[in-house]
Amino acid sequence: MKSGKFWAWLTFGLGAAYFIIPLLATLEFAMRMRRGTYSFDAFAVVFGDPRFQQTFGYSVMAAIFTILLGVLIVVPTAYWIRLRMPQIRPIVEFVTLLPLVIPAIVIVFGYIRMYGSNSALPFLASARGTDALLVIGYAILALPYMYRAVDTGLRTIDVRTLTEAAQILGAGWATIITRLILPNVLIAVLSGAFLTFAIVIGEFTMASLLNRPAFGPYLQNIGANRAYEPAALAVITFAVTWGCMSVIQMLARFAPKSANRPD
């Protein structure tokens, strides 16, 4: 047992060092902007940059709308497939995997071709239309992660029994999904939401080709033209990521717990 604990802690320590040491090196480099001493000048420059505030705020809003769109599409779809159409689950899983094998640049060029200003649906003719198209594109990129997170959550509850009980009590489909199914898979939805947020914050290809003021193109532009600010941005992005994970863990304590058996 002692030998097993030793190897377990050794593996954990090596894994932690693999992530923490490069982060500390990045932080140390970012703090060397002022010659001869350590300072937070690089962080002050980043936070004081109006483009940082604009692009980060834009990407956060895009992430929120992407998460809402993903939940609106994925939760009812995964629930209905699990309840009534389990035979097509392999087909749906294959379709949800396509964004992993189709490059984002192919998707965005298809958007430009289909929804340009001369098309029947000229989304790209206006800023709002382009924003909506970008959110839809982000939802497609996040679809594999959101769908699998929700599907895994649905496996932990007895969907059929819960649905039949709700119908006996007179609940409609909208009530069943919003007040019964969604609370029981809340942690799975939060996991998918976190992955979606991470994808949207760092995405570059779609935002750049659609010419939107997102955080991904800003990161690329700063990385190509500055020295210390990119390191500060890397640390900030890492902190935001871990902040999201902490929020998810806090919310998980208040989420409803299901005592039902899996299907």
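Anything mentioned here points back to the structure above.
So, here's what we can say about the structure. (Residues numbered from 1 in each chain as written. Predicted model: local features only at pLDDT ≥ 70, side-chain atom pairs only at ≥ 80, totals over all residues. Heavy atoms only, no water.)

Side note on the overall build of the protein
So, step 1. Assigned secondary structure in the protein consists of 12 helices and zero strands.
So, step 2. Scanning the protein from its N terminus toward the C terminus, one meets helices and strands in the order α-α-α-α-α-α-α-α-α-α-α-α.
So, step 3. Summarising its shape, the C-alpha atoms of the protein cover approximately 75 × 70 × 30 Å along the three principal directions.
So, step 4. For the protein, the proportion of its 263 residues judged to be buried stands at 35%.
So, step 5. Nonlocal contacts in the protein, meaning residues at least 24 apart in sequence, comprise 76% of its contacts between residues at least 6 apart.
So, step 6. Of the roughly 15,600 Å² that the protein leaves accessible, carbon and sulfur atoms contribute 69%.
So, step 7. For the protein, the separation between the mean place of its 20 positive charges and that of its 11 negative charges on side chains is 4 Å. (Helix = DSSP H or I, 4+ residues; strand = E, 2+ residues; numbered from the N terminus. Buried < 20%, exposed > 50% of the residue type's maximum accessible area, 1.4 Å probe, protein only. Contact = heavy atoms within 4.5 Å. Areas by Shrake-Rupley, 256 points an atom, 1.4 Å probe, with all protein chains shown as cover. Lys, Arg positive; Asp, Glu negative; His and termini not counted. Charge placed at Lys NZ, Arg CZ, Asp CG, Glu CD.)

Section: the pattern of salt bridges
So, step 1. One pass over the full model with this rule turns up five salt bridges.
So, step 2. In this structure, the salt-bridge partner of Arg32 is Glu28, at a minimum N-O distance of 3.9 Å.
So, step 3. Here Arg32 falls in the partly exposed class, since its relative accessible area comes to 45%. (Salt bridge = Lys/Arg side-chain N within 4 Å of Asp/Glu carboxyl O.)

What about unusual backbone geometry?
So, step 1. For Asn211, which is not a glycine, the phi torsion comes out positive at approximately 60°.
So, step 2. Mapped onto the secondary structure, Asn211 falls in the loop between α10 (205–209) and α11 (215–225).
So, step 3. Residue classification places Asn211 among the exposed residues on the basis of a relative accessible area of 63%.

With respect to the nonpolar core
So, step 1. Within the largest apolar cluster, 57 residues are counted, with the highest numbers of intra-cluster contacts made by Tyr79, Tyr138, Val150, Leu154 and Met206.
So, step 2. Sorting elements by how many residues they give to this core places helix α3 (residues 50–83) first, with 12 residues.
So, step 3. In contact with Met206, other than residues within four places in its own chain, are Ala104, Ile107, Val108, Tyr111, Leu134, Gly137, Tyr138 and Leu141. (Core = buried A, V, L, I, M, F, W, Y, C linked by side-chain atoms within 4.5 Å.)

Comments concerning the packing of aromatic side chains
So, step 1. Applying the stated criterion across every chain, the model contains 14 aromatic pairs.
So, step 2. On the numbers, 6.3 Å between centres and 55° between planes, the contact of Phe52 with Tyr218 is tilted. Of this pair, Phe52 sits in helix α3 while Tyr218 sits in helix α11, and the two are 166 residues apart along the sequence.
So, step 3. Assessed through its relative accessible area of 6%, Phe52 is described here as buried.
So, step 4. A relative accessible area of 5% means that Tyr218 is categorised as buried.
So, step 5. Connected via pairs of aromatic rings, a cluster forms that spans Phe47, Phe52, Phe56, Phe215 and Tyr218. (Phe/Tyr/Trp six-rings, centres within 6.5 Å; stacked < 30°, edge-to-face > 60°.)

Focus: helix α2 (residues 41–48)
So, step 1. Within α2, burial applies to Ala42, Phe43 and Val46. Buried residues of α2, seen end-on, are gathered within an arc of 95° and therefore sit on one face of the element. (Arc of directions from axis to C-beta.)

Remarks on the side chain of Thr196
So, step 1. For Thr196, the position within the fold is in helix α9 (residues 186–202).
So, step 2. The buried category is assigned to Thr196, whose relative accessible area is 1%.
So, step 3. When near neighbours in sequence (up to four residues on either side) are disregarded, Thr196 contacts Thr66, Ile67, Ala142 and Met146.

Brief notes about the packing of helix α5 (residues 104–114) against helix α6 (residues 127–155)
So, step 1. At a minimum axis distance of 11 Å, the contact between α5 and α6 shows a crossing angle of 150°. As α5 runs across α6, the sense of the crossing is right-handed. Across from Ala104, Ile107 and Tyr111 in α5, the residues of α6 making contact are Leu133, Ile136, Gly137, Ile140 and Leu141. (Axes fitted to C-alpha atoms, helices over the stretch in contact; angles between N-to-C directions. Left-handed = near helix turned anticlockwise from the far one by under 90°.)

Regarding a nonpolar patch on the surface
So, step 1. There is a patch of nonpolar side chains on the surface, built from Leu97, Leu100, Val101, Ile102, Ile105, Val106, Phe109, Ile112, Tyr145, Leu195 and Leu209 and spanning about 900 Å² of accessible area.
So, step 2. Sort the elements by how many residues they give to the nonpolar patch and α5 lands first, with four residues.
So, step 3. Note that Ile102 resides in the loop between α4 (89–101) and α5. (Patch = residues over 30% accessible without salt bridge, like charges linked within 9 Å, V, L, I, M, F, W, Y side chains within 5 Å.)

Remarks on the side chain of Arg89
So, step 1. When you line up the elements, Arg89 lands in helix α4.
So, step 2. Although Arg89 is buried, it makes no salt bridge; Asp151 carries the closest opposite charge, 4.5 Å away.
So, step 3. Aside from chain neighbours lying at most four places away, what touches Arg89 is Ile81, Arg82 and Tyr147.

Observations regarding the environment of Leu24
So, step 1. Looking at where Leu24 falls in the secondary structure, it is placed in helix α1 (residues 2–30).
So, step 2. Taking the C-alpha atoms as reference points, Leu24 and Leu180, 156 residues apart in sequence, are found 44 Å from one another.

Honestly, it's all geometry; don't read function into it.
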